Amino acid sequence: VAVSGMHVSILFGVILLLCGGNRPLAALLGLPAVACFVVMTGAAASSVRAGCMLALLMLAPLVRRENDPPTSLCAALTVLLAANPWSILDVGLQLSVASTAGILLFSGRLYRSFLDSPWRRRFLARHRAAGWLLRAMRSALCCSLASMVFALPLTALHFGMVSLAALVVNPLCLWAVSVLFTGGLLLSLMGSLLPGIGAAFGWVLAWLARYVLGVVRLAAGLPFAAVYLDSVYWLLFALVLYGTAVLLAFRPDTVRKWKAAAAV
């Protein structure tokens, strides 16, 4: 839940919705809004990277160019390094760029591989509410696996540990974090105009926040939620986990999902 691309994209999505889908107007209003949001949240490397990439995404149609995510990521990294070359040593910047690169390269391929079964398509078509939740959880799982391809070695190197709980917590919580962030934006507007209704809406939204915190606390208390690599056996286990994630990312159709889960 670090301030990153998810929050910036949700913010721009709300602006685009309020502009009725008018992208030039959304870009005109969204660029300063995103810049203010990045500065307000401390201008961390992850938020600056997300802000630069979104700015290029918004500006591309205005100058009649197609947006290319890998190029946007490299441009954002160039901006950060031009401002401070020593920021390449920042762990947050390394993890942000590595995770984003993995998501851009592999998450779509993984997501599509989960839709290869006809009965899954029929189930999602018949049960729209459950289908929305399953798509959100599947998207979070695919993003988690894709981000591990480049970020997991950095995490092991810098922190000497690998989180196993993340593979479970992310699908359970990321959809709720998205709803919380969007609801928080609406709550800010509602609370300033209609304080009574805003308080009632905030009370409802608080239960979703309690759900996220409850899942995180429960997962953190489970055995082997995090594996510390001070033992050669756990190091070998982490290598197997990483190899499974890489294999799923590069060749998602070669490994059945239940076999990958059993291996983990």
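Figured I'd write up the structure that's included with this text. Bear in mind that the values here come from a model prediction, so they are computed numbers and not experimental data.

What counts as what
Residues numbered from 1 in each chain as written. Predicted model: local features only at pLDDT ≥ 70, side-chain atom pairs only at ≥ 80, totals over all residues. Heavy atoms only, no water. Helix = DSSP H or I, 4+ residues; strand = E, 2+ residues; numbered from the N terminus. Buried < 20%, exposed > 50% of the residue type's maximum accessible area, 1.4 Å probe, protein only. Contact = heavy atoms within 4.5 Å. Areas by Shrake-Rupley, 256 points an atom, 1.4 Å probe, with all protein chains shown as cover. Core = buried A, V, L, I, M, F, W, Y, C linked by side-chain atoms within 4.5 Å. Axes fitted to C-alpha atoms, helices over the stretch in contact; angles between N-to-C directions. Parallel < 35°, antiparallel > 145°, perpendicular 65-115°, else oblique. Left-handed = near helix turned anticlockwise from the far one by under 90°. Expected span 1.5 Å × (residues − 1). Arc of directions from axis to C-beta. Nonpolar A, V, L, I, M, F, W, Y, C, P; charged D, E, K, R; others polar.

Description of the overall build of the protein chain
Along the backbone of the protein chain there are 11 helices and two strands. Burial status across the protein chain gives 36% buried among its 264 residues. Contacts in the protein chain between residues at least 24 apart in sequence constitute 68% of all its contacts with a sequence separation of at least 6. Total accessible area on the protein chain stands at roughly 15,300 Å², and carbon and sulfur atoms take up 72% of it.

Details of the nonpolar core
Counting residues in each nonpolar core, the largest one holds 26 residues, and the members touching the most others are Val 8, Leu 11, Ala 26, Val 34 and Leu 54. When residues of this core are traced back to their parent elements, those giving at least two are helix H1 (5–18), helix H2 (23–40), helix H3 (45–62), helix H4 (69–83) and helix H5 (91–113). When residues of this core are assigned to their parent elements, the largest contribution, seven residues, is made by H3. Leave out the neighbours within four places in its chain, and Val 8 touches Val 34, Phe 37, Ala 50, Gly 51 and Leu 54. Counting residues in hydrophobic clusters, the runner-up holds 15 residues, among them Phe 106, Val 149, Leu 167 and Val 227.

Thoughts on the packing of helix H8 (residues 166–193) against helix H9 (residues 195–220)
The geometry of H8 relative to H9 is characterised by a closest axis approach of 9 Å and an angle of 160° between their N-to-C directions. One finds that H8 runs roughly antiparallel with respect to H9. In this structure, H8 meets H9 at a crossing whose hand is left-handed.

Concerning the side chain of Ser 72
By secondary structure assignment, the location of Ser 72 is in helix H4. Given the relative accessible area of 4%, Ser 72 is considered buried. Not counting the four nearest positions on each side in its chain, Ser 72 is found in contact with Met 53, Leu 56 and Asn 67.

Quick notes on unusual backbone geometry
One non-glycine residue, Phe 224, adopts positive backbone phi at about 60°. Along the chain, the position of Phe 224 falls in the loop between H9 and strand E2 (226–228).

Points about H4
Between its terminal C-alpha atoms H4 stretches 21 Å, which fits the 21 Å expected from 15 residues at 1.5 Å a residue. Within the span of H4, buried status applies to Ser 72, Leu 73, Ala 76 and Leu 80. Along the axis of H4, the buried positions cluster into a sector of 100°, meaning they face one direction only. H4 presents Cys 74, Thr 78 and Ala 82 as exposed residues on the side facing more than 90 degrees away from its buried surface.

Things to note about the packing of H2 against H3
Between H2 and H3, whose axes approach to 10 Å, the crossing angle comes to 170°. Comparing the axis directions of H2 and H3 gives the class roughly antiparallel. Both H2 and H3 take part in a crossing whose hand is left-handed. Where H2 abuts H3, its residues Pro 24, Ala 26, Ala 27, Gly 30, Leu 31, Val 34 and Val 38 lie against Ser 47, Val 48, Gly 51, Leu 54, Ala 55, Met 58, Leu 59 and Leu 62. The residue inventory of the contact of H2 with H3, partitioned by class, reads 12 nonpolar, three polar and no charged.

The values reported here are purely geometric and, on their own, carry no functional implication.
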